[in-house]
Amino acid sequence: MNLQDGVKARFIPDRLNSRLSGHLKSWETLLLAVAVVVFVINSLSSPYFLDAWNLSDASFNFTEKGLIALAMALVIISGEIDLSVAAIIALASTAMGYALQFGVGTAELVAIGLIVGVLCGTFNGVLVTVMGLPSIVATIGTMSLFRGLSFVVLGDKAFNGYPTSFAFFGQGYVYWVITFELVLFAGMAVLFGILLNKTNFGRAIYAIGNNPTAALFSGIRVARVKMILFMLTGLMSGLAAVCLTSRLGSTRPSIATGWELEIVTMVVLGGVSILGGSGTIVGVVIAALIVGMVTFGFGLLNVPGIVMSIFIGLLLISVIALPIVYRRVRKG
Amino acid sequence: MKRILMSRETMLALAIILLTGGIALRFPGFIAPNNLALVFNDTSILIILALGQMAVILTRCIDLSMASNLALCGMVVAMINASFPDVPITALIGLAIVLGSFLGAMNGVLVWKLDIPPIVVTLGTLTIYRGLVFVISGGAWVNAHEMSAAFKALPRSVFAGLPVLSWVAIATIGLAFFAIRRLPLGRSLYAVGGNPHAAVYTGIDVGKTRFVAFSIAGGLSGLAGYLWVSRYAVSYVDIAGGFELSIIAACVIGGVSIAGGIGSVGGAVLGALFLGIINNALPVINVSPFWQMAISGTAIIVAVALNVRSERTKGRIILKRAETLV
């Protein structure tokens, strides 16, 4: 039974294989259907759901996590995983708060957030590509390390008093109810879609995820691609740190706790195979929308956050299990 | 001889001795037998959980839901004890173990029958089990005064010089040693993780073995749930939050390979003790406890780096290819 799976995992999800691409298409259709159902249920169950401003507020439930999910999707497609993303947010945010005490301006704060993110990502990349550590344990380690450093700097205190102009990233509106974060997320989603589908780099990611050895023998610099992906994830985590810090207006070492799991959930829900090699950005974006809407809808019904997480957990398992069960049943 | 000297367990034991020795130079009280017994007692729950996690990791799986499982079982027995103080403690312990095994078996079934990757399954159940703690308790705490005296006393009561909690850990270690060395199950854990394809041809049911490993990890989480709640005499939604990573850290530091098939009971126990000693030593040597997280993170990274190097010399690189097949 394992041998069969092995064969399945090795299908290359490309246009050449029409059956699999058809399946992927139906996956996104399924997700879209789930999104519509969630939307309709939400609209019916609370009169406050279909309000432009409320929906705009609701978008914060997924924009920051979604930014990281885009990069995480590429990492997972390449067959690796990065569990340290939330800890990178904590460290980047702490670095920004620390710099704030020396009176730096908004531009420098953003730069510091992004640079710390890239540095953390580079550190992960070195552990995985240069030292050859399995990414799941290496990033569990750096997750402790990065957040631990944040605790060392902050202890039980918090950084406050970010400049007013800094607030734009997490609280600003571009036009009417359209938030800066939403525009940023949409723009990044398009960029990542192009990167994954229209560039050599994107094809290399799929190739590596399907068979790293074959990819290496086809002349793909596997280590370099993976290194770039970890740096990219670090960068996006830094970007999310800028947005989140700006939105909250303060930094605590416990900032974004547990996000790594929610982000992985979004990516897997979006149809990215946790084994690597397949997945699309469209799927991840729809999954982010679903998670955001579910969270918001339950929030309107006064359902506590932790009960929502049960639902997200069930959604994660059932969305993956159902197609498998369906295929089994059909096969007889 | 050289292999024993250079083995992971010996190196780790040396590191632990050096560590405690260094602390003892400045604070001789730290190595007083009393204090060492305290440190062991404090690490007991981590040891029990690390042994369960090791069984799972040996089969190339991972269980991220252990801490949530612990919290759920702990809350169930605490609430029963608060409402019906007459239910005997042994029945509660039995219930915790059964419930824990059931929760672990849920993970196992999904991995076995539906072939969902373990990390996805347990990521899901991690949030589900934790959410269920909230659902059954309504977010309320079960405090010390609501628990019966017997419920709280058991892990603390001293037997032959050590608290029962320590004895439970010692018994678990003993059982694990026996199971790993003497039972077919123990050997099949290694076979499944070392090379699943070869295991199939040897007649080992890979999925079923994983299922059993998850159930064992679940049962130990349930047991740890009772121990945790009664020892700290409080139960609330967030108990042992984030502890799943400490459990994995203990295994990894102890030389259990995340790629499966490599690891030993002694290693996992020493890995847990290493973390326990650091946690207990920081306040003694006047380092802010906020350093704890960063230090264990560094320890994990160093340990994995050492694991990878030692695995490479054994020529396991060939088997690593098989990993992508599973």
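Residues numbered from 1 in each chain as written. Chains lettered and ligands numbered in written order. Predicted model: local features only at pLDDT ≥ 70, side-chain atom pairs only at ≥ 80, totals over all residues.

Go over the overall build of chain A, please, and point to the residues and values.
The helix and strand tally for chain A stands at 15 helices and two strands. Taking 2.2 N^0.38 as the reference for a compact globule, 332 residues should give roughly 20 Å; the C-alpha atoms of chain A span a radius of gyration of 20 Å, in line with that estimate. Principal-axis analysis of the C-alpha atoms places the extent of chain A at approximately 65 × 55 × 35 Å. Out of the 332 residues in chain A, the part that is buried amounts to 51%. Excluding contacts between residues fewer than 6 apart, the proportion of contacts in chain A whose partners are at least 24 apart in sequence is 78%. (Helix = DSSP H or I, 4+ residues; strand = E, 2+ residues; numbered from the N terminus. Rg over C-alpha atoms; globule rule 2.2 N^0.38 Å. Buried ≥ 20, exposed ≤ 12 C-beta atoms within 10 Å, placed from the backbone. Contact = placed C-beta atoms within 7 Å.)

How would you sum up the overall build of chain B? Please name residues and give values.
When its secondary structure is counted, chain B shows 15 helices and two strands. Against the compact-globule benchmark of 20 Å for 326 residues, chain B has a radius of gyration of 20 Å, which places it among compact chains. Expressed as a percentage of its 326 residues, the buried residues of chain B come to 52%. Of the contacts made within chain B by residues no fewer than 6 positions apart, 78% connect residues no fewer than 24 positions apart.

Please provide a residue-by-residue account of the confidence of the model for chain A, values included.
Taken as a whole, chain A shows an average pLDDT of 86; of its residues, 92% reach a score of 70 or greater. For residues 1-9 of chain A, every residue scores under 50 in pLDDT, and the model assigns this stretch 13 contacts once sequence neighbours within four places are set aside. (pLDDT = per-residue confidence, 0-100.)

Account for the environment of V265 of chain B, naming residues and giving values.
Residue and element names in this part refer to chain B. Structurally, V265 is set in helix α13 (residues 265-284). Sequence-wise, V265 and A199 are 66 residues apart; in three dimensions their C-alpha atoms are separated by 21 Å. In this structure, V265 is in contact with L51, I173, A176, F177 and I180, ignoring residues within four places of it in sequence.

Give a detailed account of helix α6 (residues 118-137) of chain B, specifying residues and quantitative values.
All names here are of chain B. Here α6 contains 20 residues, and its C-alpha end-to-end distance of 28 Å stays within 8% of the 28 Å for a straight helix at 1.5 Å per residue. Within α6, 16 of the 20 residues are buried, leaving the element largely enclosed by the surrounding structure. Just downstream of α6, G138 is the residue with a positive phi angle, here 65°. (Expected span 1.5 Å × (residues − 1).)

I'd love a proper account of the interface of chain B and chain A, names of residues and values included.
Every contact between the two is made by 46 residues of chain B and, on the other side, 44 residues of chain A. Among the secondary structure elements, those contributing two or more residues to the side of chain B that touches chain A are α5 (89-114), α6, α10 (196-201), α11 (206-232), α12 (243-253) and α14 (291-313) of chain B. Top contributing element to the side of chain B that touches chain A by residue count: α6 of chain B, with 14 residues.

Provide a residue-level description of the packing of helix α6 (residues 106-130) of chain A against helix α12 (residues 222-248) of chain A, including the pertinent values.
The geometry of a pair of packed helices is captured by two quantities: the angle between their axes and the separation between those axes. All names here are of chain A. For the pair α6 and α12, the least separation of the axes is 7 Å and the interaxial angle reads 150°. Judged by the inter-axis angle, α6 sits roughly antiparallel to α12. Where α6 crosses over α12, the two elements pack in a sense that is right-handed. In the contact of α6 with α12, the residues fall into 15 nonpolar, eleven polar and one charged. (Axes fitted to C-alpha atoms, helices over the stretch in contact; angles between N-to-C directions. Parallel < 35°, antiparallel > 145°, perpendicular 65-115°, else oblique. Left-handed = near helix turned anticlockwise from the far one by under 90°. Nonpolar A, V, L, I, M, F, W, Y, C, P; charged D, E, K, R; others polar.)

Quick one: what's the story with the nonpolar core, residue by residue and with numbers?
M72, A73, I89, V267 and V284 of chain A together with A50 and V252 of chain B are the most contacted members of the largest nonpolar core, which has 208 residues in total. By residue number, the principal contributor to this core is α11 of chain B, which donates 14 residues. (Core = buried A, V, L, I, M, F, W, Y, C linked by C-beta atoms within 7 Å.)

Please provide a residue-by-residue account of the environment of A233 of chain B, values included.
All names here are of chain B. Note that A233 resides in the loop between α11 and α12. C-alpha separation for the pair A233 and V302, spaced 69 residues apart in sequence, amounts to 35 Å. Here A233 is in contact with A144, M147 and K152, once residues within four sequence places are set aside.

Tell me about unusual backbone geometry, residues and numbers included.
Backbone phi values are negative for most residues with the exception of glycine, while trans is the configuration of most peptide bonds. With phi around 60°, A256 of chain A is a residue other than glycine that occupies positive phi space. Looking at the secondary structure, you find A256 of chain A in the loop between α12 and α13 (259-269).

Describe the confidence of the model for chain B, listing the residues and the values that go with them.
Per-residue pLDDT for chain B averages 88, and the proportion of residues at 70 or more is 93%. Note that pLDDT drops below 50 for residues 313-326 of chain B; the model gives that stretch 15 contacts with residues more than four away or on any other chain.

Describe the packing of α13 of chain A against helix α15 (residues 305-331) of chain A, naming the residues involved and giving the relevant values.
Residues and elements named next belong to chain A. Put simply, α13 and α15 touch, their axes get as near as 10 Å, and they point 30° apart. Classed by the angle they form, the pair α13 and α15 counts as roughly parallel. α15 is crossed by α13, and the crossing has left-handed handedness. Together, T265, V268 and L269 of α13 and I312, L315, L316, V319 and I320 of α15 make up the contact between the two elements.

Requested: an account of the environment of L216 of chain A, with residues and values cited.
Within the secondary structure layout, L216 of chain A lies in helix α11 (residues 212-217). Once the C-alpha coordinates of L216 of chain A and S59 of chain A are considered, the two residues, 157 residues apart in sequence, prove to be 40 Å apart.

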